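Now for the letters of each chain:
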Amino acid sequence: MPIKNRLAEMHGEITAWRHHLHQHPELMYDVHETAAFVVEKLTSFGITDITTGIGKTGVVAVIDGKSNNSGRVIGLRADMDALPITEATGLEYASTKPGLMHACGHDGHTSILLGAAKYLAETRNFDGRVVLIFQPAEEGGAGGLAMCQDGLMDRWNIQEVYGLHNAPGIPVGTFAIRPGPLLASSDEFEITVTGVGGHAATPHEAVDTTLVAAQIVVSLQSIVARNVDPLRSVVLTVGTFETDSTASNVIAHTARLQGTVRTLASEWRSKAEDRVRRIAEDIASAYGAQAIVKWTPGYPVTVNTEAETAYAVEAARAVSANVDDTTDPIMPSEDFAYMLEERPGAYIFLGNGDTAMCHHPAYVFDDEAIPLGCSWFAELVERRMPTA
């Protein structure tokens with residue numbers, strides 16, 4: 001594999017950074033130690049244009065090439081936050097914070113971008129400007145949106161933006177990408193059903209919210225089965241079902257459902273919301289109960305633009321002989337989608353081998369993937385902004 005020699009030399013150093021970050025995970029926007037570590041490393045690379053506090057705790061840094069005749073500005077993004085998971089890897093560098101773990105590889109992503117930054121700051125073998133984006137709160141906090149709302153794209157005049165994510169199940173050394181939708185949107189709903197509680201022996205004197213809620217759960221599945229074009233991808237999941245009673249001989253007064261709707265077709269987000277509301281409210285009414293639906297919009301569909309995907313593929317093929325440019329989209333969501341709504345760009349998967357899946361307590365980021373990720377970022381910059 002034509003990994004850049006300098007990045008191969010730096011492999012051990014970058015791995016040490018990753019292990020340090022893994023030992024000190026932080027959640028959501030509370031990534032102060034991680035952001036400080038990033039700033040310390042960037043400063044040691046000789047990078048002076050560093051801004052903190054973008055999107056609350058995000059870090060943005062700029063590297064200028066040897067020249068800037070092209071006027072091109074490319075953004076490279078990595079996420080920094082961890083998850084509220086108790087680690088079960090047994091690693092010697094396991095998390096030192098009980099109940100917190102880098103179970104999605106963001107420690108790897110941050111280290112990869114730092115490695116690419118060090119290489120680009122040393123060589124500056126490009127004509128233009130690179131904007132490094134270290135983002136907080138990808139795991140449910142919409143940190144990507146917060147950074148965009150803080151003026152990320154306009155303030156630094158970013159014209160294209162790229163990111164990567166490790167992918168368990170894909171061999172190390174393989175990249176996977178596709179133009180168009182790559183990851184799904186994810187919206188959340190909460191349905192509260194209110195009826196009339198009572199004794200289990202006298203159901204005729206009550207309005208059974210457990211029965212009503214169960215009918216709603218079953219009927220919600222008809223949205224995907226009977227309202228969605230079979231060629232479209234929509235997943236509706238009811239994740240929780242709870243009542244205000246834990247007794248076997250009580251008819252609960254209220255029941256509450258929580259779930260998500262995921263789709264690769266943006267137009268289906270509003271349609272799904274309408275159908276969830278109508279089904280819940282109408283079924284509850286038919287039984288003499290009331291249903292209140294709370295709908296919380298989540299991350300949008302992650303959509304790779306055509307031209308920028310081709311650039312990402314070209315850079316990946318320069319790094320590895322194993323590039324799948326027609327990979328299937330997947331239904332998890334990713335808040336890099338907000339950045340792709342503001343600028344053209346692409347998101348690529350970096351093989352992590354045969355490991356536990358992301359968000360699993362036994363997940364392990366494969367450090368052998370580090371030079372590939374660093375080389376992809378660097379190659380992308382040098383190919384998109386070649387020197388004369």
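Let us look at the structure shown here.

Reading the values: rules and limits
Residues numbered from 1 in each chain as written. Predicted model: local features only at pLDDT ≥ 70, side-chain atom pairs only at ≥ 80, totals over all residues. Heavy atoms only, no water. Phe/Tyr/Trp six-rings, centres within 6.5 Å; stacked < 30°, edge-to-face > 60°. Helix = DSSP H or I, 4+ residues; strand = E, 2+ residues; numbered from the N terminus. Buried < 20%, exposed > 50% of the residue type's maximum accessible area, 1.4 Å probe, protein only. Lys NZ or Arg CZ within 6 Å of the ring centre and 35° of its normal. Core = buried A, V, L, I, M, F, W, Y, C linked by side-chain atoms within 4.5 Å. Pairing = 2+ DSSP bridges. Axes fitted to C-alpha atoms, helices over the stretch in contact; angles between N-to-C directions. Contact = heavy atoms within 4.5 Å.

## Here's the deal with the packing of aromatic side chains
In step 1: All chains considered together, the criterion is met by six aromatic pairs.
In step 2: A ring pair is formed by Trp17 and Phe45, whose centres lie 5.7 Å apart and whose planes are at 35 degrees; its orientation type is tilted. Of this pair, Trp17 sits in helix H2 (residues 11-23) while Phe45 sits in the loop between helix H3 (32-44) and strand S1 (49-54), and the two are 28 residues apart along the sequence. Residues Trp17 and Phe45 agree in their burial class; the two are buried.
In step 3: Measuring from centroid to centroid gives 6.3 Å for Phe189 and Trp295, while their planes differ by 15 degrees, and the two rings are stacked. Within this pair, whereas Phe189 is found in strand S8 (residues 185-194), its partner Trp295 is found in strand S13 (residues 290-296), the two being separated by 106 residues in sequence. Accessibility assignment for this pair places Phe189 and Trp295 in one class, buried.
In step 4: Positioned above the aromatic ring of Tyr29 is the side chain of Lys56, whose terminal nitrogen or guanidinium carbon lies 4.3 Å from the ring centre.
In step 5: If you follow Arg384 out to its NZ or CZ, it ends over the ring of Tyr311, 3.6 Å from the centre.

## Things to note about the nonpolar core
In step 1: If you look at the biggest cluster of nonpolar residues, it comprises 61 residues, and the most contacted ones within it are Leu42, Leu76, Leu132, Phe134 and Trp376.
In step 2: Membership of the second largest hydrophobic core comes to 26 residues, among which are Ala213, Leu220, Leu236 and Ile279.

## What about the sheet that holds strand S10 (residues 234-243)?
In step 1: Spatially, S10-S12-S8-S13 is the arrangement adopted by the four strands of the open sheet, whose pairing is antiparallel. At either margin of the open sheet sits one strand with a lone partner, and together these are S10 and S13. Within the sheet, the average angular offset between the axes of one strand and its neighbour, ignoring direction, is 20 degrees.
In step 2: With respect to the sheet, helix H7 (residues 209-227) is in contact with S8, S10 and strand S12 (254-263), its orientation differing from that of S10 by roughly 175 degrees.

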